[in-house]
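Working through the structure, step by step
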Amino acid sequence: MAMQKINSVKGMNDILPGDSHAWLWLEEQLRKWLFSYGYENIRTPIVEDTKLFTRSIGGATDIVEKEMYTFTDKLNDDSLTLRPEGTAGALRSVIQHELLYNKTQKLWYIGPMFRHERPQKGRYRQFHQLGVEALGFKGPDIDSEIILMLRDLWQRLGIQNLQLHINCLGNLDERAVHRANLIKYFEQNINLLDEDATRRLYKNPLRILDTKNPAMQELVTKAPMLIDYLGSESLEHYTLWKTYLTNLGVEFIENPRLVRGLDYYNLSVFEWVSSNLGAQGTVAAGGRYDPLVKELSGKDNYAIGFAIGLERILLELEALNIVPNRVFPDVFIATVGSDTQALAFKIAGILRGEGLSVVQNFGVNSFKSQLKKADGLKCKFTVIIGETEVSNNQVMVKLMDRQTQESVAIENLVDFLRKI
Ligand code: ATP
Ligand code: MG
């Protein structure tokens, strides 16, 4: 009987050694960048109580409507969900541990998120986000630093062509009046609505403005704009934010139809978009979500954050041909003949103590196959240990790119390698 092969779940990808080096490099750049802005790392569980997401993300969003991996814990019937995003969990944790009591917090997290979407390039069912949350700041100064630090990140990574879209979502009251007028407008044009829009009409009409359907573009361009319903306080926040950005030399596009996927945003919202990734062009997105803090903690407070899609950043780096090279071991240690492995262990230890990366031959292999292995690993040096070397306290060092080799006394080996 043929063995049934088990593969990974659709839309959930393995990251293999040929690709993981780019992830490691990116994560290292991200950590340095976050540290330089004073953000601290928070790590929360991947599984949360389903209510956390239905309450915080909003019932009429794509995520809660159809994208969540929700299951029942067989032991106690609890409804649990694989996190589809990181803000809700981070905020839950901060509230649970009273980290916001008379304090501000600047936090970041990284990890897998889960959404049951149709997999395509830049869209997966398990994907990774780096998220940042600045809690307890009213803005718009922090709103500006958030944008500035993202621009700084693109510069650090060498990504230069992203467009920044911004908008102001006002407060809940302003949105309610706009929403009523929006519904009225769409009702008057009910025959022009597509299926998605018809479904959203009373649930989340703001999201209709976000449609990607070309046939609806004219309708949504003429729809009432939220900006016309904003009061003086919201407009002032928005204006001051834009002034900071302009003075900092940040280019942006005001996009009155930018509404974001999640329900809990207010005031400043933004997206960074690449033209290289088609419909999956948004590489980072975020905004202010003061109302969510109130919803989860019962207290008024302030919050702004964003999430970066790491797969999309890596696709962007690939499109720009700026994925960093893999790093390879420095030294391969080849052993020929009997009783050579003990010295190999010793030399490997000495070289690792000097900060070098060392790979040792294991098992009995021909010299030729060991050199092939060293070539494949792209090591700069092969240290060859044969029976003569063991008795003379020496090794043979082969410089792989120059194809030369030289006999070196063990006590001089570190100096010899260092010189080259
Ligand atoms: P989209 O409009 O592309 O579906 P979204 O509004 O659902 O994005 P957010 O919830 O704001 O996305 O998530 C922030 C970022 O996470 C996105 O800008 C994107 O880079 C990334 N992202 C979101 N969903 C996915 C996914 N299914 N696969 C890969 N990356 C994703
Ligand atoms: Mg989405």
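What you see is a predicted model, and the numbers here were worked out from it, not measured in a lab.

To continue, consider the overall build of the chain. Counting its regular elements, the chain contains 15 helices and 16 strands. Relative to the compact-globule value of 22 Å for 420 residues, the chain shows a C-alpha radius of gyration of 28 Å, a clear excess of over 25%. Along the first, second and third principal axes, the C-alpha atoms of the chain reach 90 × 65 × 45 Å. In the form shown here, the chain has an accessible surface area of approximately 22,000 Å², with 51% of it arising from carbon and sulfur atoms. Distance between charge centroids for the chain: 3 Å, based on 49 positive and 52 negative side chains.

Below, the discussion takes up the layout of surface pockets. What the second largest pocket holds in volume is close to 550 Å³. Lining the second largest pocket are 21 residues, and of these Glu233, Asn266, Leu267, Asp290 and Tyr302 sit closest to its centre. Listed by contribution, the elements that provide at least two residues to the lining of the second largest pocket are helix 6 (172–188), helix 9 (232–247), strand 9 (266–273) and helix 10 (290–297). For the lining of the second largest pocket, the residue count by class is six nonpolar, eight polar and seven charged.

The next thing to look at is the nonpolar core. Within the largest apolar cluster, 73 residues are counted, with the highest numbers of intra-cluster contacts made by Trp33, Tyr39, Trp154, Phe270, Trp272 and Ile308. Ile347, Val383, Val395 and Val397 belong to the second largest nonpolar core, which has 20 residues in total.

To continue, consider the packing of helix 1 (residues 17–36) against helix 11 (residues 310–319). Orientation of helix 1 relative to helix 11, taken along the N-to-C sense of each, is 110°, at an axis distance of 11 Å. When the interaxial angle is binned, helix 1 and helix 11 end up roughly perpendicular. Between helix 1 and helix 11, the contacting residues are Ala22, Trp23, Trp25, Leu26 and Leu30 on the first element and Leu310, Glu311, Ile313, Leu314 and Leu317 on the second. When the residues that make up the contact of helix 1 with helix 11 are grouped by side-chain class, the tally is nine nonpolar, no polar and one charged.

In this section: the sheet that holds strand 4 (residues 79–82). Spatially, the three strands line up as an open sheet ordered 2-4-3, and their pairing is antiparallel. With partners counted over all chains shown, the strands left at the sheet margins are strand 2 (47–49) and strand 3 (69–72), one partner each. Strand-to-strand twist in this sheet, taken as the mean axis angle between neighbours without regard to direction, amounts to 35°. This element, helix 2 (residues 50–57), spans strand 2, strand 3 and strand 4 of the sheet and lies at about 75° to strand 2.

Two modes of strand pairing occur in sheets, parallel and antiparallel, and in both the strands are linked by backbone hydrogen bonds. Read from one edge to the other, the open sheet built from five strands follows the order 13-12-14-15-16, with strand pairing classed as mixed. A single partner strand is all that each edge strand has here, and the edge strands are strand 13 (358–360) and strand 16 (404–409). Strand after strand, the sheet turns through a mean of 25° between neighbouring axes, direction not considered. Inspection of the sheet shows strand 14 (residues 381–385) paired to strand 15 (residues 394–399) by four bridges, in the antiparallel sense. For phenylalanine 381, the partnering residue across the bridge sits in strand 15 and is leucine 399. Here helix 12 (residues 341–353) sits on the sheet and contacts strand 12 (331–335), strand 13, strand 14 and strand 15; the angle it forms with strand 13, its principal contact strand, is near 170°. Relative to the sheet, helix 13 (residues 367–376) contacts strand 12, strand 14 and strand 15, its axis offset from that of strand 12 by approximately 170°.

Calculation rules
- Residues numbered from 1 in each chain as written.
- Chains lettered and ligands numbered in written order.
- Predicted model: local features only at pLDDT ≥ 70, side-chain atom pairs only at ≥ 80, totals over all residues.
- Heavy atoms only, no water.
- Helix = DSSP H or I, 4+ residues; strand = E, 2+ residues; numbered from the N terminus.
- Rg over C-alpha atoms; globule rule 2.2 N^0.38 Å.
- Areas by Shrake-Rupley, 256 points an atom, 1.4 Å probe, with all protein chains shown as cover.
- Lys, Arg positive; Asp, Glu negative; His and termini not counted.
- Charge placed at Lys NZ, Arg CZ, Asp CG, Glu CD.
- 1 Å grid on protein atoms, 1.4 Å probe; cavity = no way out; pocket = protein on both sides within 12 Å on 5 of 7 lines; lining within 4 Å.
- Points joined across faces, edges and corners; volume = space filled by probe spheres on them.
- Nonpolar A, V, L, I, M, F, W, Y, C, P; charged D, E, K, R; others polar.
- Core = buried A, V, L, I, M, F, W, Y, C linked by side-chain atoms within 4.5 Å.
- Buried < 20%, exposed > 50% of the residue type's maximum accessible area, 1.4 Å probe, protein only.
- Axes fitted to C-alpha atoms, helices over the stretch in contact; angles between N-to-C directions.
- Parallel < 35°, antiparallel > 145°, perpendicular 65-115°, else oblique.
- Contact = heavy atoms within 4.5 Å.
- Pairing = 2+ DSSP bridges.

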